[in-house]
Amino acid sequence: NRHFFSRRSRGRYLTVFALFHDPGRRELIHVCAGHPPALLRRGDRVIPLGEGGGDIPLGVLRDHVYTQHTIGTEPGDTLILYTDGLIEACDGHGRRFGLPHLIALAGSGSAEPARLRDRLRDAVHAHQGSHIGTDDQTLVVLRLS
């Protein structure tokens, strides 16, 4: 944060979701700096990681101390990482796709990563009426061992 704070133009900030997976200890260690929460699918249950934006974005307060969180993992857990452009995608009436909709879709159907990724991507594209959104839209789906 201090590095970014000292090398940027004032008025700019950066949201970050940093994650470390330790398969030997079956743990995910994560820090959220103003980014939408990652989602952990366990069976049909979806657990938001860093819900509510976590801490503030990088570059807002020079000496802010960020909070690290740890959650245990289980074989077959699926991790869903995405940018805000996905949940902020709007339909023709200006309605956002939304985090609750993403969570509901992430917890339904197959948890196989490629199929889950395609289902989520297709739902966002259908919602916004195109495969091109107005903001960046990145989606990564990983199966944890």
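Residues numbered from 1 in each chain as written. Predicted model: local features only at pLDDT ≥ 70, side-chain atom pairs only at ≥ 80, totals over all residues. Heavy atoms only, no water.

Colleague: For this particular structure, what's the right way to read the environment of Val-46?
Modeller: By the element assignment, Val-46 lies in strand E4 (residues 45–49). If we ignore the near neighbours within four places in the chain, the residues touching Val-46 are Leu-39, Leu-40, Arg-41, Ile-103, Ala-106 and Gly-107. (Helix = DSSP H or I, 4+ residues; strand = E, 2+ residues; numbered from the N terminus. Contact = heavy atoms within 4.5 Å.)

Colleague: Would you take a moment to explain the sheet that holds strand E7 (residues 139–143) for this structure?
Modeller: Strand pairing in a sheet relies on backbone hydrogen bonds. The paired strands run either parallel or antiparallel. Pairing is antiparallel in the open sheet, where four strands are placed in the order E4-E3-E6-E7. Edge positions in the sheet fall to E4 and E7, since each of these pairs with one other strand and no more. Adjacent strand axes in the sheet meet at a mean angle of 20 degrees when their direction is disregarded. Strands strand E3 (38–42), E4 and strand E6 (78–82) of the sheet are contacted by helix H3 (residues 99–106), whose axis makes an angle of about 30 degrees with E3. Lying on the sheet, helix H4 (residues 113–128) is in contact with E3, E6 and E7; it crosses E7 at an angle near 155 degrees. (Pairing = 2+ DSSP bridges. Axes fitted to C-alpha atoms, helices over the stretch in contact; angles between N-to-C directions.)

Colleague: Teacher, can you tell me more about H4 here?
Modeller: Residues spaced three or four apart along an α-helix point in a common direction, a consequence of the helix completing one turn every 3.6 residues. Here H4 spans 23 Å end to end across 16 residues, near enough to the 22 Å set by a 1.5 Å rise per residue. Within H4 the residues assigned to the buried category are Pro-113, Leu-116, Leu-120, Ala-123, Val-124 and Gln-128. An end-on view of H4 places all buried positions within 125 degrees of arc, on one side of the element. In H4, the exposed positions that point more than 90 degrees away from the buried face belong to Arg-115 and Ala-126. Of the residues one or two after H4, Gly-129 is the one with positive phi, at around 75 degrees. (Expected span 1.5 Å × (residues − 1). Buried < 20%, exposed > 50% of the residue type's maximum accessible area, 1.4 Å probe, protein only. Arc of directions from axis to C-beta.)

Colleague: I'm lost on the sheet that holds strand E1 (residues 16–22) in this one. Help?
Modeller: What the three strands build is an open sheet, ordered E1-E2-E5; its pairing is antiparallel. Each having just a single partner strand, E1 and strand E5 (69–72) make up the two edges of the open sheet. Averaged over all adjacent pairs, the angle separating strand axes in this sheet is 20 degrees, with direction ignored. For strand E2 (residues 27–33) and E5, the ladder comprises four bridges, and the chain directions are antiparallel. What sits directly across from Leu-28, in E5, is Ile-71.

Colleague: Looking at this structure, how should I read the packing of H3 against H4?
Modeller: Helix-helix packing is described using two parameters, namely the angle between the two axes and the distance between the axes. Contact geometry for H3 and H4: axes closest at 10 Å, N-to-C directions at 145 degrees. Crossing geometry of H3 relative to H4 is assigned as right-handed. For the pair H3 and H4, contact is made by Leu-102, Leu-105 and Ala-106 and by Leu-116, Arg-119, Leu-120 and Ala-123, respectively. Taken together, the residues that form the contact of H3 with H4 break down as six nonpolar, no polar and one charged. (Left-handed = near helix turned anticlockwise from the far one by under 90°. Nonpolar A, V, L, I, M, F, W, Y, C, P; charged D, E, K, R; others polar.)

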